[in-house]
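What follows is the residue order along each chain.
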Amino acid sequence: MQSKYSDLLYYTKVRWLSPESVFENVWQLKDDIVSLYYEKQCSAECEMLEDTEWLLDFAIFTDLLSHMSNSNVKIQGKNQFIDDIPAHLKAFKLKLLLFAGQLPKNDLSHFLS
């Protein structure tokens, strides 16, 4: 299908299987997935991937997982002091409040997908 993902990673590539990575990969491959389903004459299975409202929810959730993963990396990063963790958690909580305030206004500046 001329996709930049020409093969599947083995189960030993655990990082690829993180929720953030799985959702990002599905987001990037959604057009190829739809094409494949149509090729196999299974169009009913890909109705979600053609529903604009569902795709918007999927994209926002994918970006939220990315923000969560970034916060998780900061918390678990090297040379972290235990007293830095509450600050990272508070910052993430404030980010979520910011996102919750921006979404009703259709401000998607923090959502790349």
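As shown above, the structure is provided for reference.
Residues numbered from 1 in each chain as written. Predicted model: local features only at pLDDT ≥ 70, side-chain atom pairs only at ≥ 80, totals over all residues. Heavy atoms only, no water.

## Remarks on the packing of aromatic side chains
Stage number 1. Using the criterion set out here, one finds five aromatic pairs in the structure.
Stage number 2. Within the aromatic cluster, the residues linked to one another by ring pairs are Phe-23, Trp-27, Trp-54, Phe-58 and Phe-61.
Stage number 3. The ring centre of Trp-27 lies 4.0 Å from the NZ or CZ of Lys-30, which sits over that ring. (Phe/Tyr/Trp six-rings, centres within 6.5 Å; stacked < 30°, edge-to-face > 60°. Lys NZ or Arg CZ within 6 Å of the ring centre and 35° of its normal.)

## Some remarks on the side chain of His-67
Stage number 1. As for its position among the elements, His-67 is in helix 2 (residues 52-76).
Stage number 2. You can call His-67 buried: its relative accessible area is 15%.
Stage number 3. Setting aside its immediate chain neighbours within four residues, His-67 contacts Phe-92, Lys-95, Phe-99 and His-110. (Helix = DSSP H or I, 4+ residues; strand = E, 2+ residues; numbered from the N terminus. Buried < 20%, exposed > 50% of the residue type's maximum accessible area, 1.4 Å probe, protein only. Contact = heavy atoms within 4.5 Å.)

## With respect to the packing of helix 2 against helix 3 (residues 85-102)
Stage number 1. Close contact between helix 2 and helix 3 brings their axes to 9 Å; oriented N to C, the two are set at 165°. The angle between helix 2 and helix 3 falls in the class roughly antiparallel. Here helix 2 runs over helix 3; the crossing is right-handed. Contacts between helix 2 and helix 3 pair Leu-64, His-67, Met-68, Ser-71, Lys-74 and Ile-75 from the former with Ile-85, His-88, Leu-89, Phe-92, Lys-95, Leu-96 and Phe-99 from the latter. (Axes fitted to C-alpha atoms, helices over the stretch in contact; angles between N-to-C directions. Parallel < 35°, antiparallel > 145°, perpendicular 65-115°, else oblique. Left-handed = near helix turned anticlockwise from the far one by under 90°.)

## Remarks on the packing of helix 1 (residues 19-39) against helix 2
Stage number 1. It is the contact of helix 1 with helix 2, at a shortest axis distance of 9 Å, that shows an interaxial angle of 145°. Handedness of the crossing formed by helix 1 with helix 2: left-handed. Counting all contacts with helix 1, which are made through Pro-19, Glu-20, Phe-23, Glu-24, Val-26, Trp-27 and Lys-30, the residues of helix 2 involved are Leu-55, Phe-58, Ala-59, Phe-61, Thr-62, Leu-65, Ser-66 and Ser-69.
Stage number 2. In terms of residue class, the contact of helix 1 with helix 2 is built from nine nonpolar, three polar and three charged. (Nonpolar A, V, L, I, M, F, W, Y, C, P; charged D, E, K, R; others polar.)

## Focus: unusual backbone geometry
With the exception of glycine, the majority of residues adopt a negative phi angle, and the majority of peptide bonds are in the trans configuration.
Stage number 1. For Asn-106, which is not glycine, the phi torsion reads 60° and is therefore positive.
Stage number 2. Mapped onto the secondary structure, Asn-106 falls in the segment after helix 3.

## So, helix 3
Stage number 1. For helix 3, which comprises 18 residues, the first-to-last C-alpha distance of 26 Å matches the rise-based estimate of 26 Å (1.5 Å per residue) to within 8%.
Stage number 2. Every buried residue of helix 3 is accounted for by Phe-92, Phe-99 and Gln-102. The buried side chains of helix 3 occupy one side of the element, clustering within an arc of 85° when seen end-on. Facing away from the buried side of helix 3 by over 90 degrees, the exposed positions are Pro-86, Lys-90, Lys-93 and Leu-97. (Expected span 1.5 Å × (residues − 1). Arc of directions from axis to C-beta.)

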